[in-house]
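As a plain string of letters, each chain reads:
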Amino acid sequence: METCSTKSEKLSAFAEMRMLPEEEKTFLEHLLVCQKCQRNLREVYESLLKIGSPPLTSEEKDGLRKIVLKHVKRLDQERNQQRTGWMILENLANVQPLALAAADDQTADQRLLKSALSSNSLTFVAICDKTHPNYWKATFPIPSEPNPEMELSVEVTDVSGEPVVDGTLIFCGIEKQIEEGWCYISMTELRDNLKKQTIAFKTASGELVEGLLELFSDDISDY
Ligand SMILES: [Zn+2]
């Protein structure tokens, strides 16, 4: 489902490097999770290259190339973060201690893992604009000493950061009714369903908004 309503003028402004740095950063964050904008942006780039309009100077082309490279780098980083996040949940589900084996910060993956674990939680967010009325955020605790009897208390908040009053969290296909901003997933459920690696929130009126792991705050360079 696509909840994005980004205007084509905004995509053009991004492609033609007319955005202010702060605006560009915000839009890039959106672009990382919005397939609709990714698709549309590709079309904008293609038409820019084809028609050559507006004609780009070689400096502008260099600038454009830099932005695209940065974009690709962020997408890679985001994919690694998603992988690390799900790996942490897999470890949890299998009740493996999350102590970092050989955590000497030598590789990017280790740094990523360390930064993900340092907050003792993993946060998933809606794939839609942060201001969209159906925006949601779900925070999973990462217990340092997991045991099979444990139940994970997942906190779900809405666009204003308030507890979600009504709705369903669908985590790896498991449907959990949210009450007063919380729902609970047992380690057994986690273990039995983790293959699916999807998350979505269904509003009380039945609208489904898919989500992704939120980017960890560290390690986003160049900004
Ligand atoms: Zn979008």
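As shown above, the structure is provided for reference.
What comes next is a walk through the structure. (Residues numbered from 1 in each chain as written. Predicted model: local features only at pLDDT ≥ 70, side-chain atom pairs only at ≥ 80, totals over all residues.)

As defined by bridge partners, strand 4 (residues 167-171) adjoins strand 7 (residues 199-203) across five bridges and the pair is classed as antiparallel. Its bridge partner lying in strand 7, Ile170 is registered against Ala200. Alignment of strand 7 against strand 8 (residues 208-213), held across three bridges, turns out to be antiparallel. Within strand 8, the residue paired with Phe201 across the bridge is Val209. (Pairing = 2+ DSSP bridges. Helix = DSSP H or I, 4+ residues; strand = E, 2+ residues; numbered from the N terminus.)

All right, on to the environment of Trp86 then. Position of Trp86 among the secondary structure elements: in helix 4 (residues 58-93). With 15 C-beta atoms counted inside 10 Å, the residue Trp86 sits in the partly exposed group. Put simply, Trp86 and Leu213 are 127 residues apart on the chain and 8.6 Å apart in space, counted from C-alpha to C-alpha. (Buried ≥ 20, exposed ≤ 12 C-beta atoms within 10 Å, placed from the backbone.)

Structurally, Met87 can be placed in helix 4. Taking the number of C-beta atoms within 10 Å as the measure of exposure, Met87 has 14 and is therefore partly exposed. Residues Met87 and Leu113, spaced 26 residues apart in sequence, show a C-alpha to C-alpha distance of 9.3 Å.

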